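Here is how the chains run, residue by residue.
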Amino acid sequence: MEDIVLPNFWIKNPPYYWGELKDAPSYEYKKNQIIFLEGTEMDTIYLVKEGKAKLFLTGPDGSEKIVGYVGENSILGTSSLFEETKKYILSAAAVTNSTLIKYERQEFIDQVMSNPDLMMQVFHIMSIRIRSLTGQSLDLSFKHSYIRLCKALLELGVKYGKQAKDDTTFVNFKVTHNDLAELIGTTRVTIANHIKTLREKQLVETKGRNFIIRMNELKEEINES
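Here we summarise the structure given alongside this text. In this text, all values refer to a predicted model and were calculated from it rather than measured experimentally.

On to the nonpolar core, then. Membership of the largest hydrophobic core comes to 34 residues, with the highest contact counts inside it found for W18, I35, L76 and F108. Residue contributions to this core peak at six residues, all from helix α2 (residues 116-142). Setting aside residues up to four positions removed in sequence, I35 forms contacts with Y29, Y46, A53, L76, A92, A93, A94 and L100. The next biggest cluster of nonpolar side chains, apart from the first, holds 30 residues, and it includes I147, L180, I191 and L203.

In structure tokens, the structure reads:
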């Protein structure tokens, strides 16, 4: 079976260690609260201590294009860390009630640049996000929305899935049709139609906003399409 390159929409608990960063104040964010907006002054770097956040772009009509979700132990606000513009190129908002640690931008840079391990972690995060954005761009250009949805669901299963005895994978991450539409660049109606097709093929079941996925069969569907 051909290897499938997944789009990295969901980044869960990356194995990074930030203990060498100096203590900084933490702040509580409510669900859906904006953390920062694209185009504003990039004066703060955020470390997700608890909860989840989303990174997104806003179109001229006010619509959102979600770039990805990040969980605990991820950092936010590094997109222009070493650029002279010092502007956030993405927006971020809390998906759940979350606790974030705030670092002043220059202080964060000074600490990272003086510690090779921290520096490599930041570079790794940046490379993941560049790869994710590149992959999404390629999929939008060359892949049908049905395949883009299959890949997004497959990655959701990899990151948040728990395998059951019947070889299905239960995804413990609530996601709406609208969320999926924003992620893969299509409409909510198209998502609903594709999920109906996946149900009919017995590749996916839904339980509220959670998914039950037959991972191996879904991989075959992607490779055969």
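So that's the structure; there's more coming.
The next point concerns the pairing of strand β5 (residues 53-58). In the sheet, β5 pairs with strand β6 (residues 64-70) via six bridges, with the strands oriented antiparallel. Within β6, the position partnered with L55 by the bridge is G68. Linkage of β5 to β6, two consecutive antiparallel strands, is achieved through a turn of five residues, within which G62 is found at a positive phi near 90 degrees.

Moving on: the packing of aromatic side chains. Tallied over the full model, the rule gives five aromatic pairs. Ring centres of F36 and Y88 lie 4.0 Å apart, and the angle between their planes is 15 degrees; on these two criteria the pair is classed as stacked. Linking F36 in strand β3 (residues 34-36) with Y88 in the loop between β7 (75-76) and β8 (91-94), this pair joins segments that are 52 residues apart in sequence. The residues F36 and Y88 share a single accessibility class, namely buried. A centroid spacing of 4.5 Å and a plane angle of 40 degrees characterise the contact between Y160 and F173, whose relative ring orientation is tilted. In this pair, Y160 sits in helix α3 (residues 145-160) while F173 sits in the loop between β11 (169-171) and α4 (177-184), placing the two residues 13 residues apart along the sequence. F173 shares its class with Y160; the two are buried. Pairwise contacts between aromatic rings join F36, Y46 and Y88 into one cluster. Its end group placed over the ring of F56, K54 keeps NZ or CZ at 5.4 Å from the ring centre.

Evaluated as defined, the whole model comprises three salt bridges. Between E155 and K159 there is a salt bridge, with its nearest N and O atoms 3.1 Å apart. Taken together, the residues E155 and K159, both in helix α3 and four residues apart, mark about one turn of the helix. Residue K159 is classed as partly exposed on the basis of its relative accessible area of 24%. With a closest N to O distance of 2.5 Å, K201 and E221 form a salt bridge.

This paragraph deals with helix α1 (residues 105-113). When α1 is considered as a whole, its buried residues turn out to be R105, F108, I109, Q111 and V112. Taken down its axis, α1 places every buried residue within 165 degrees of arc, on the same side. The residue sitting at the N-terminus of α1 and contributing the capping side-chain oxygen is E104; that oxygen lies 3.1 Å from the backbone nitrogen of Q106.

Okay, a nonpolar patch on the surface next. A surface patch of nonpolar side chains, about 410 Å² in accessible area, is lined by F82, M113, M120 and F123. With respect to the helices and strands, F123 occurs in helix α2. What makes F123 partly exposed here is its relative accessible area of 37%.

Even without being glycine, D167 reaches a positive phi, approximately 70 degrees. Within the element layout of this structure, D167 appears in the loop between β10 (161-163) and β11. Positive phi outside glycine occurs at Q202, with the angle close to 60 degrees. Positionally, Q202 belongs in the loop between α5 (188-200) and β12 (204-207). Overall, Q202 belongs to the exposed group, its relative accessible area being 60%.

Looking at the secondary structure, you find S91 in strand β8. Residues S91 and G77, spaced 14 residues apart in sequence, show a C-alpha to C-alpha distance of 8.6 Å. Here S91 is in contact with F36, L37, E38, K54, L55 and F56, once residues within four sequence places are set aside. One polar contact links the side chain of S91 to the main-chain amide nitrogen of E38, over a distance of 2.8 Å.

Each value, and the rule that gives it
Residues numbered from 1 in each chain as written. Predicted model: local features only at pLDDT ≥ 70, side-chain atom pairs only at ≥ 80, totals over all residues. Heavy atoms only, no water. Core = buried A, V, L, I, M, F, W, Y, C linked by side-chain atoms within 4.5 Å. Buried < 20%, exposed > 50% of the residue type's maximum accessible area, 1.4 Å probe, protein only. Helix = DSSP H or I, 4+ residues; strand = E, 2+ residues; numbered from the N terminus. Contact = heavy atoms within 4.5 Å. Pairing = 2+ DSSP bridges. Phe/Tyr/Trp six-rings, centres within 6.5 Å; stacked < 30°, edge-to-face > 60°. Lys NZ or Arg CZ within 6 Å of the ring centre and 35° of its normal. Salt bridge = Lys/Arg side-chain N within 4 Å of Asp/Glu carboxyl O. Arc of directions from axis to C-beta. Polar contact = N/O pair within 3.5 Å; in protein donor to acceptor, adjacent residues only side chain to side chain. Patch = residues over 30% accessible without salt bridge, like charges linked within 9 Å, V, L, I, M, F, W, Y side chains within 5 Å. Areas by Shrake-Rupley, 256 points an atom, 1.4 Å probe, with all protein chains shown as cover.

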